[in-house]
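Chain by chain, the residues run as shown.
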Amino acid sequence: METLTPYRLTLEGRTLMAFGPSVILNQLVRVPNARREPTGVRMPVTRETLLIAEALGQPQVSDTYAELRRRAFRPSLGQLRAAQTALTAQGIVPDLLPHQWEFVAHALPTGGMLNGSEQGLGKTRMALALALAWGCRRILVALPKDLAGQWDQELEGLGVPSSFVNL
């Protein structure tokens, strides 16, 4: 089994710096307005940059970076209420965990967002909640056959008819 080599994310003023394996740095340098430096990659601090950087592996983070991320991803009360209202309007009151509500609240007004969560943190449920909140009437999901059961269970848990999704 291949192990991921962690890399390091730090905050330097208003810039996010990545240090570590060149494979990861080669991907991060593709972020808009990122630039390669002799020791790493310098990127602007945006939610998208943070998500992309974290989705590439298992970063070790500095305390300042951890605080930045905590602040960047904490939705406002208005965002949370908007997400709950959008779902309630569709007749859905999902049983979401706090981190899932935060993701839905941030993604709802943008029309999309990268979800690079680890296994078991509810990506399926968050995707379905967002699709419902956006008013989707049907969605098509391409996935490995052995995951179809997981989607069926999540649909039942949200009270959504299985005809809503073509697997």
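Participant: With reference to specific residues and values, describe the sheet that holds strand β2 (residues 15–19).
Facilitator: Pairing in this open sheet of five strands is mixed, and the strands run β3-β4-β2-β1-β5 from one edge to the other. Edge positions in the sheet fall to β3 (35–36) and β5 (60–61), since each of these pairs with one other strand and no more. Strands in contact with helix α3 (residues 63–72) are β1 (8–12), β2 and β5; relative to β1, the strand with the most contacts, it is inclined by about 80°.

Participant: Provide a residue-level description of unusual backbone geometry, including the pertinent values.
Facilitator: Backbone geometry places asparagine 33, a non-glycine residue, at a positive phi of 65°. Mapped onto the fold, asparagine 33 is located in the loop between α1 (22–28) and β3.

Participant: Outline helix α2 (residues 47–55), listing residues and values.
Facilitator: Taken residue by residue, α2 has Thr49, Leu50, Leu51, Ala53 and Glu54 as its buried positions. Looking at the buried side of α2, the elements it contacts are β1, β2, α1, β4 (41–44) and α3.

Participant: Give me the pattern of salt bridges: which residues, what numbers.
Facilitator: Applying the stated criterion to the full structure yields four salt bridges. One salt bridge connects arginine 42 with glutamate 12, and the closest N-O pair in it is separated by 3.5 Å. One end of the pair, arginine 42, is in strand β4; the other, glutamate 12, is in strand β1, and 30 residues separate them in sequence. Ionic pairing is found between glutamate 37 and arginine 42, a salt bridge with its closest N-O pair at 2.8 Å. What emerges from the salt-bridge pattern is a single network uniting Glu12, Arg35, Glu37 and Arg42.

Participant: Now, about the environment of proline 6: what can you tell me, with residues and values included?
Facilitator: If you trace the backbone, proline 6 turns up in the segment before β1. Separated by 15 residues in the primary sequence, proline 6 and proline 21 have C-alpha atoms spaced 8.0 Å apart. Leave out the neighbours within four places in its chain, and proline 6 touches Pro21, Gln58 and Gln60.

Participant: Go over the packing of helix α4 (residues 77–89) against helix α5 (residues 98–107) with me, naming the residues and quoting the values.
Facilitator: One way to put it is that α4 packs onto α5 with a least axis distance of 8 Å and a crossing angle of 90°. In this view, α4 runs roughly perpendicular relative to α5, as classed from their interaxial angle. Of the residues in α5, those in contact with Gln79, Leu80, Ala83, Gln84 and Leu87 of α4 are Trp101, Glu102, Val104, Ala105 and His106. When its residues are assigned to classes, the contact of α4 with α5 shows six nonpolar, three polar and one charged.

About the thresholds
Residues numbered from 1 in each chain as written. Predicted model: local features only at pLDDT ≥ 70, side-chain atom pairs only at ≥ 80, totals over all residues. Heavy atoms only, no water. Pairing = 2+ DSSP bridges. Helix = DSSP H or I, 4+ residues; strand = E, 2+ residues; numbered from the N terminus. Contact = heavy atoms within 4.5 Å. Axes fitted to C-alpha atoms, helices over the stretch in contact; angles between N-to-C directions. Buried < 20%, exposed > 50% of the residue type's maximum accessible area, 1.4 Å probe, protein only. Salt bridge = Lys/Arg side-chain N within 4 Å of Asp/Glu carboxyl O. Parallel < 35°, antiparallel > 145°, perpendicular 65-115°, else oblique. Nonpolar A, V, L, I, M, F, W, Y, C, P; charged D, E, K, R; others polar.

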